[in-house]
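Geometric and topological summary
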Amino acid sequence: MNLVTLSLGSNIDPEKHIRLCLDALAETFGELQISRIFESEPVGFKDSRNFYNLVVAFHSDWSVARLQAWAKALEMAHGRTPDMVKCSPRALDIDLLTVGNACGVVDDVALPRAEITQNAFVLQPLAELLPDERHPRCDTPYATLWQRFSLGHQRLWAIDFQWQGRFVSQADPLPRKVHAR
């Protein structure tokens, strides 16, 4: 079983779509580790709507191809199409960040995903959720990568968020381990 990490984002009705995504993940993969949820200003988007972003971790024996196909099917179920303009608003964006210690192109997916070290909305939740886990390529703990990260113009802030009737995200710095019902 590999530890799988996903980055989730939404800037169209984000509360609804993030909750539905978490429901689907829990139903499919069972126990989830969920980072705090951050609201962030869009990076590279002309649309001014803010995003909700988080990282989810779980264990799975699925292949990279199967994980990627599942994620893309869920995005499509939430209205995303393959011909959508890059950097356009989206109800759901799911990016496969890591699958175990896989490095390189696996099943046509580049792992680990480059955005881990490029975007605060990926690295901060990942570093809070799995501070001692090591980036598969550079073998540096995520907490250390976050401490070295320069925010530049990127702004994000933790928000309160409920899922399945309980808070999974609050402005305090503690990631939550959540069991599906």
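Bear in mind that the values here come from a model prediction, so they are computed numbers and not experimental data. (Residues numbered from 1 in each chain as written. Predicted model: local features only at pLDDT ≥ 70, side-chain atom pairs only at ≥ 80, totals over all residues. Heavy atoms only, no water.)

1. Regarding the overall build of the protein chain
Check the secondary structure of the protein chain and you find four helices and eleven strands. Relative to its full complement of 181 residues, the protein chain shows a buried share of 50%. Roughly 8,900 Å² of accessible area belongs to the protein chain as shown, and the carbon and sulfur atoms make up 49% of that amount. (Helix = DSSP H or I, 4+ residues; strand = E, 2+ residues; numbered from the N terminus. Buried < 20%, exposed > 50% of the residue type's maximum accessible area, 1.4 Å probe, protein only. Areas by Shrake-Rupley, 256 points an atom, 1.4 Å probe, with all protein chains shown as cover.)

2. A closer look at the nonpolar core
Membership of the largest hydrophobic core comes to 33 residues, with the highest contact counts inside it found for Leu8, Leu22 and Leu25. At the level of secondary structure, the elements contributing two or more residues to this core comprise strand S1 (2-10), helix H1 (14-29), strand S2 (32-34), strand S4 (51-60), helix H2 (64-77), strand S5 (93-99), strand S7 (109-111) and strand S9 (161-163). Sorting elements by how many residues they give to this core places H1 first, with seven residues. The residues contacting Leu25, other than those within four sequence positions of it, are Leu6, Leu8, Gly30, Leu32, Val56, Phe58 and Trp70. The next biggest cluster of nonpolar side chains, apart from the first, holds 19 residues, and it includes Leu97, Ile116, Ala120 and Leu129. (Core = buried A, V, L, I, M, F, W, Y, C linked by side-chain atoms within 4.5 Å. Contact = heavy atoms within 4.5 Å.)

3. Describing the confidence of the model for the protein chain
Summarising the model, the protein chain shows a mean pLDDT of 89, and 89% of its residues fall at 70 or more. Scored below 50 in pLDDT, residues 175-181 shows 26 contacts in the model against residues more than four places distant or in partner chains. (pLDDT = per-residue confidence, 0-100.)

4. Re the packing of H1 against H2
Closest axis-to-axis distance for the H1/H2 pair is 11 Å, and the angle between their directions is 145°. Between H1 and H2 the crossing geometry is right-handed. Contact with H1, carried on its side by Cys21, Ala24, Leu25, Thr28 and Phe29, involves Leu67, Trp70 and Leu74 of H2 and no other residues of that element. When grouped by side-chain class, the residues that make up the contact of H1 with H2 number seven nonpolar, one polar and no charged. (Axes fitted to C-alpha atoms, helices over the stretch in contact; angles between N-to-C directions. Left-handed = near helix turned anticlockwise from the far one by under 90°. Nonpolar A, V, L, I, M, F, W, Y, C, P; charged D, E, K, R; others polar.)

5. Remarks on the pattern of salt bridges
With the rule as written, the count across this model stands at six salt bridges. The residue Glu15 makes a salt bridge to Arg19 at a minimum N-O spacing of 3.5 Å. Highlighted residues: Glu15 and Arg19, both in helix H1, separated by four residues, approximately one helical turn. Judged by relative accessible area, which is 36%, Glu15 ranks as partly exposed. With a relative accessible area of 27%, Arg19 lands in the partly exposed category. The salt bridge involving Glu75 is made with Lys72; its shortest N-O contact spans 3.2 Å. Remark: Lys72 and Glu75 occur in helix H2; sequence separation between them is three residues, near one turn of the helix. Looking at Lys72, the relative accessible area reads 28%, which means it is partly exposed. Counted as one network, the salt bridges with shared partners bring together Asp95, Arg113 and Glu115. (Salt bridge = Lys/Arg side-chain N within 4 Å of Asp/Glu carboxyl O.)

6. A closer look at the environment of Asp13
With respect to the element layout, Asp13 can be found in the loop between S1 and H1. In this structure the C-alpha to C-alpha distance between Asp13 and Leu92, which are 79 residues apart in sequence, comes to 9.4 Å.

7. Looking at the pairing of strand S10 (residues 166-169)
When S9 meets S10, the two strands line up antiparallel, connected through three bridges. When the sheet's bridge partners are listed, Gln162 is paired in S10 with Phe167. Between S9 and S10, which pair antiparallel in sequence order, lie two residues; one of them, Gln164, sits at a positive phi of approximately 55°. (Pairing = 2+ DSSP bridges.)

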